[in-house]
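As a plain string of letters, each chain reads:
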Amino acid sequence: MSEILLELQNLTKQFPMTQGLLFQQTVGAVKAVDGVSYRLGAGETLGLVGESGCGKSTTAKMILMLEKPTSGAILFRGQQIHSLSGKALQDYRRGVQAVFQDPYSSLNPRMRVGRLITEPLVVNTGMSRAQIDERLQQLLDLVGLSHRSAYLFPHEFSGGQRQRIAIARALALRPSLIILDEPVSALDVSIRAQIMNLLQDLQEEFGLSYLLIAHDLAAVLHLSTTIAVMYLGKIVEMGTSHALRTQPLHPYTQALFSAALPGHPDDQREEVIIEGEIPSPLNPPSGCRFHPRCPFAKPVCSQEEPALQRQADGQEVACHLY
């Protein structure tokens, strides 16, 4: 078992809902993330999947300290991140970086690429100009860009090249964890494999850990060591990439993977169809949150909320069928 780099303990995030203009009144709370727990080992990739609004990006924002949890804990190398201060907090911010979905909107269009990549070094380190320039050349080489790229602006690059720039910037401070928020979904299909292979090569070379958030199940299966499936703020199933690809247990996971394109044209899959819309997180269903849409729902599903339990094969699933 590798060192536990990141651990989430019963993490919850609620956003208050208010009404009224002058005299605002709290009328409820949106449960964006509700009791999420998982561990991420050093050098591993955890894929977080689920429909839009299930809480994936909110979880990432709390890890990046862009949102504060309502309750629960986030531990990085065993330390609670929201109790960090001073140098410990600075070290955490250097050790955890992010690559976002749209590389064009995450890069300042008025800055040349060289300055974009080296800005974290200027702000966070005491490196000399010569050391920064040397590091810039190393980073450009790592992501497969020419040294001339440093003098150009983001708009002079293709989407795939811009994502390489974003990856180089994320690597500048030598982080141990990179959060990948839909890193290939804005790219052409022909470019996606190149970026995924680049991420894999960098992980092997530097022992990076990734938290991968994506709708593209093919990308998640390709890159992830472990996959966690979220539905309405909760994890409903978690297991290895191989286990979820070959034998998903939860009906929601089965439906997700049956809707994805197969890895090979001859692969046969049993189609699982779920009907209806995702319920509102402001007023989630009682019992299992998936039961109004589940084709296998039983009476107990609407009354008791299933706990996430480990099965004999090591998979964890929150479902009364098991």
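As a reminder, the structure under discussion sits directly above these lines.
Cut-off values and rules
- Residues numbered from 1 in each chain as written.
- Predicted model: local features only at pLDDT ≥ 70, side-chain atom pairs only at ≥ 80, totals over all residues.
- Heavy atoms only, no water.
- Pairing = 2+ DSSP bridges.
- Helix = DSSP H or I, 4+ residues; strand = E, 2+ residues; numbered from the N terminus.
- Axes fitted to C-alpha atoms, helices over the stretch in contact; angles between N-to-C directions.
- Parallel < 35°, antiparallel > 145°, perpendicular 65-115°, else oblique.
- Left-handed = near helix turned anticlockwise from the far one by under 90°.
- Contact = heavy atoms within 4.5 Å.
- Buried < 20%, exposed > 50% of the residue type's maximum accessible area, 1.4 Å probe, protein only.

Asker: Tell me about the pairing of strand β4 (residues 71–76), and name the residues and values.
Answerer: Inspection of the sheet shows strand β1 (residues 4–19) paired to β4 by five bridges, in the antiparallel sense. Considered in β4, the bridge of E7 is made with L75. In the sheet, β4 pairs with strand β5 (residues 79–80) via two bridges, with the strands oriented antiparallel. When the sheet's bridge partners are listed, L75 is paired in β5 with Q80. Here β4 hands over to β5 after two residues, with R77 in that stretch at a positive phi of 50°.

Asker: Explain the packing of helix α3 (residues 113–124) against helix α5 (residues 159–171) to me, using residue names and the numbers behind them.
Answerer: For the pair α3 and α5, interaxial distance at closest approach is 7 Å and the crossing angle is 30°. As judged from the angle between their axes, α3 and α5 are roughly parallel. Viewed along their axes, α3 and α5 form a crossing whose handedness is right-handed. Contacts between α3 and α5 pair V113, L116, I117 and P120 from the former with I165, A168 and R169 from the latter.

Asker: I'd like a description of helix α1 (residues 56–63), backed by residues and values.
Answerer: Where burial is concerned, most of α1 is hidden: six out of the eight residues are buried. Two residues or fewer past α1, M65 is found with a positive phi of approximately 65°.

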